[in-house]
Amino acid sequence: MTTTSAPSQPSETRSTSRLKAQGLSLNYPGKAVSSGMSLEIKDGTFSVIIGPNGCGKSTLLRGLCNLLPPSAGHVLLDGRDIARLPSRELAKQVGLLPQSAQAPSGITVADLVSRGRYPHQGPFRQYSVDDERIVARSMKAAGIQDLAHQSVESLSGGQRQRVWVALVLAQETPILLLDEPTTYLDIAHQLELLSLLGNLNREGGRTIVAVLHDLNQACRYADHLIVMKDGGVVTEGSPADLMTSELLQQVFGLDAIIIDDPISHTPLIVPK
Amino acid sequence: MSASSRFVLRWGRWSLVCERRSLWLNVTFFALILLGSTVSLMLGRMQIGADAIWQTLNGQAPTRAIEHILIDIRLPRLLVTIGAGAALGASGAVFQSISRNPLGSPDVIGFTAGAATGALIWIIVFGGSGANVVLASLMGALLTGGVVYFLARKDGHVSAYRLVLTGIGIGAVLHAINALLLVKGHIDLAISANLWLAGSVDGRDWGHVWPLWLGLTVLIGPMLIGMRPLGWMEMGDDLAGPLGVPVEQVRRWMLLAALVLAGLATSATGPIAFVALAAPQLARRLTRAPTQPLIGAALFGACLLLGADLLTRIAPFDWTMPIGQVTGIIGGLYLSWLLLGNRL
């Protein structure tokens with residue numbers, strides 16, 4: 001092996017990364033969010049980004065799919081700068097479920113989910129047999145196949161969120177980014193959605209990166225935690241290795257103890 | 001809404017999605033336009049029968065007088081009416097889709113006022129007339145569009161809100177300039193400018209028809225293709241962008257196409273209120289489609305303007321009412337109805 005192997009070449013270790021950020025600086029106009037961040041998203045992992053409000057978690061996700069072009073640095077996919085990739089090519093590899101999306105009024109569940117096929121379609125390839133099959137499969141994976149012909153407006157919050165998840169599933173990207181997918185859901189639906197994402201990761205082999213607020217859920221479902229503060233990555237690693245009272249104090253200013261979760265045997269955070 | 005509301009046409013690797021209801025409505029609109037056109041060609045000081053019209057269109061006019069009236073007077077008027085209605089309807093559909101707002105029409109966001117300013121400057125300041133007015137108003141519309149787009153731009157992208165608000169602001173300034181031009185201008189020129197401002201399809205010739213129909217023919221295809229990503233963008237840029245929609249490009253080019261259509265329509269007829277606002281709204285409600293129907297809005301716009309034209313011609317007045325005012329009156333009523341019904 002030479003020392004100058006290209007990032008896209010498969011390495012001998014199992015922890016390869018297709019998606020990498022190098023010296024990434026992300027700014028909103030008049031407000032620098034993060035600067036010089038470097039990060040690798042390990043293939044096939046379920047990574048969860050945690051951190052206090054306003055630390056740049058969502059911004060990082062937006063940067064990772066080129067929704068927010070960086071002011072410095074690069075995001076590389078298979079060694080290629082995503083800012084230079086055609087938008088459809090990128091959309092076949094990296095998908096994002098944003099926090100806010102509006103369903104067009106009167107649209108049915110199946111129609112909305114089918115919109116996730118956009119990068120695989122064209123002006124005169126609007127809905128192939130493949131598209132139809134994949135949309136049906138995505139709805140089944142998200143558990144909404146029985147709702148296919150209902151109007152999205154008639155659904156409950158939990159069902160609606162599953163429809164959006166089915167939409168990004170139909171996009172069939174190996175890498176899936178989700179920005180606070182459990183917001184607005186009650187606790188049962190939150191856990192249901194996280195199990196669904198866990199399944200997609202383990203059985204579907206997809207790389208999943210999600211921003212979550214609930215630290216206990218993050219510890220339970222993630223196999224890799226990325227801890228952020230003030231626009232930078234503080235530390236990353238497996239929840240069991242990472243979670244300490246000191247870290248919580250340092251990042252969240254939270255006084256807490258950590259015990260073993262009696263069910264999943266992952267760290268369980270109990271605030272004092 | 002049931003699953004059978006849309007069907008897919010497939011041929012090899014090509015496929016097209018059709019909305020069943022839109023298809024039927026479009027056929028209906030088309031039939032209405034054909035019917036209205038026949039009536040429009042028959043009506044006038046000299047009544048011409050349907051058989052004479054058919055013969056003339058086949059190149060065998062019964063008399064020279066009939067040929068002259070049909071080919072040089074009534075047919076251009078008809079084609080300007082249909083073309084302007086279709087152009088305004090299609091343009092309004094794009095504007096409403098981009099601004100995600102039922103009030104987002106070229107009238108409300110100042111482009112029509114810009115077209116008027118162009119025409120007024122040409123007529124009053126330079127004493128121009130004829131086909132050059134068409135060009136001047138087109139320039140006015142495009143300039144206004146460019147200014148509104150660049151003022152609405154912030155940090156490299158254009159938000160729907162800023163577009164509507166900037167448009168309203170610029171529109172107000174242009175309306176004031178228009179009024180000033182009319183007051184300060186020479187009285188004869190001001191009168192002829194005022195006539196243009198009233199909006200009319202009277203006395204239109206083939207010089208008005210060609211630019212309008214050329215624009216329609218060239219633009220409607222690309223716009224139809226662009227309408228699809230626009231439908232995605234209605235779900236939010238944050239969703240459409242990562243799905244592979246080149247958001248800013250689509251918005252810029254579709255806005256430009258809509259602007260050119262609105263400008264061409266206005267330059268051919270003078271400002272005509274309401275059609276660009278109402279046609280896409282009503283077409284969308286009738287089709288119940290989740291995306292803005294472009295063809296539906298265009299055909300419905302043509303129907304509306306043709307209807308308004310026929311109304312002004314059979315109305316019991318011994319003078320012809322300018323069509324721009326008729327549509328304005330209907331438009332005001334429609335807007336009140338929208339507001340009263342709390343449908344905004």
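The paragraphs below set out a description of the structure included in this document. (Residues numbered from 1 in each chain as written. Chains lettered and ligands numbered in written order. Predicted model: local features only at pLDDT ≥ 70, side-chain atom pairs only at ≥ 80, totals over all residues. Heavy atoms only, no water.)

1. Remarks on the nonpolar core
Part 1: One finds Val 109, Val 113, Ile 144 and Leu 225 of chain A together with Val 94 and Met 223 of chain B to be the most contacted residues of the largest nonpolar core, which totals 130 residues.
Part 2: For this core, the leading source of residues is helix H3 (residues 64-99) of chain B, giving 16 residues.
Part 3: With near-sequence residues (within four places) excluded, Val 94 of chain B lies in contact with Met 223, Met 227, Leu 230, Met 254, Ala 258 and Leu 294 of chain B. (Core = buried A, V, L, I, M, F, W, Y, C linked by side-chain atoms within 4.5 Å. Buried < 20%, exposed > 50% of the residue type's maximum accessible area, 1.4 Å probe, protein only. Helix = DSSP H or I, 4+ residues; strand = E, 2+ residues; numbered from the N terminus. Contact = heavy atoms within 4.5 Å.)

2. So, the interface of chain B and chain A
Part 1: Taken together, the contact between chain B and chain A spans 30 residues of the former and 39 residues of the latter.
Part 2: Between chain B and chain A, a total of about 3,100 Å² is buried, with carbon and sulfur atoms accounting for 57% of that surface.
Part 3: In this structure, the connection of chain B to chain A is made through two salt bridges.
Part 4: With a shortest N-O distance of 2.8 Å, Asp 238 of chain B and Arg 62 of chain A are connected by a salt bridge. (Buried area = accessible area lost by both parts, 1.4 Å probe. Salt bridge = Lys/Arg side-chain N within 4 Å of Asp/Glu carboxyl O.)

3. What about the layout of surface pockets?
Part 1: Approximately 1,100 Å³ is the volume attributed to the largest pocket.
Part 2: Lining the largest pocket are 39 residues, with Leu 67 of chain A together with His 157, Asp 237, Val 247 and Glu 248 of chain B sitting closest to its centre.
Part 3: For the lining of the largest pocket, the secondary-structure elements that each account for two or more residues are strand E1 (19-28) and helix H2 (87-93) of chain A together with H3, strand E4 (157-158), helix H6 (160-184), helix H9 (237-240) and helix H10 (247-269) of chain B.
Part 4: With four residues, H10 of chain B is the single largest residue contributor to the lining of the largest pocket.
Part 5: Classifying every residue of the lining of the largest pocket by side-chain character gives 20 nonpolar, 12 polar and seven charged.
Part 6: When its volume is computed, the second largest pocket comes out at roughly 900 Å³. (1 Å grid on protein atoms, 1.4 Å probe; cavity = no way out; pocket = protein on both sides within 12 Å on 5 of 7 lines; lining within 4 Å. Points joined across faces, edges and corners; volume = space filled by probe spheres on them. Nonpolar A, V, L, I, M, F, W, Y, C, P; charged D, E, K, R; others polar.)

4. A word on the packing of aromatic side chains
Part 1: Per the stated rule, a full pass over the model turns up six aromatic pairs over all chains.
Part 2: Ring centres 5.0 Å apart and planes at 35° place the aromatic pair Phe 95 of chain B and Phe 111 of chain B in the tilted group. Of this pair, Phe 95 of chain B sits in helix H3 while Phe 111 of chain B is found in helix H4 (residues 111-125), placing the two residues 16 residues apart along the sequence.
Part 3: The class for Phe 111 of chain B is buried, based on a relative accessible area of 4%.
Part 4: Both rings, one in Trp 206 of chain B and one in Trp 210 of chain B, keep their centres 5.8 Å apart while their planes meet at 35°; by these two values the pair is tilted. Residue Trp 206 of chain B and its partner Trp 210 of chain B are both found in helix H8 (residues 206-233); the two are separated by four residues, about one turn of the helix.
Part 5: Over the face of the ring belonging to Trp 232 of chain B we find Arg 115 of chain A, whose NZ or CZ atom lies 4.8 Å from the ring centre.
Part 6: Directly above the ring of Trp 14 of chain B sits Arg 13 of chain B, whose terminal nitrogen or CZ lies 5.2 Å from the centroid. (Phe/Tyr/Trp six-rings, centres within 6.5 Å; stacked < 30°, edge-to-face > 60°. Lys NZ or Arg CZ within 6 Å of the ring centre and 35° of its normal.)

5. Let's talk about the sheet that holds strand E5 (residues 80-81) of chain A
The strands making up a sheet are joined through hydrogen bonds of the backbone, oriented either antiparallel or parallel.
Residues and elements named next belong to chain A.
Part 1: Pairing within the open sheet is antiparallel, and its four strands lie in the order E2-E1-E4-E5. Taken across any chain shown, the strands that pair with only one partner, and hence form the sheet edges, are strand E2 (31-41) and E5.
Part 2: Looking at chain direction, E1 and E2 are connected through seven bridges and run antiparallel. The partner of Lys 20 across the bridge, within E2, is Glu 40.
Part 3: Relative to the sheet, helix H1 (residues 57-64) contacts E1, E2 and strand E4 (72-77), its axis offset from that of E1 by approximately 120°. (Pairing = 2+ DSSP bridges. Axes fitted to C-alpha atoms, helices over the stretch in contact; angles between N-to-C directions.)

6. Notes on the pairing of E4 of chain A
Residues and elements named next belong to chain A.
Part 1: In this sheet, E4 lies alongside E1 in antiparallel orientation, the contact comprising five bridges. Within E4, the position partnered with Ala 21 by the bridge is Val 75.
Part 2: Both E4 and E5 contribute to a ladder of two bridges, which runs antiparallel. When the bridges of E5 are listed, Leu 76 appears paired with Asp 81.
Part 3: Hairpin connection, E4 to E5: the antiparallel pair is bridged by two residues, and Asp 78 has positive phi, about 50°.

On their own, these measurements won't tell you what the molecule is for.
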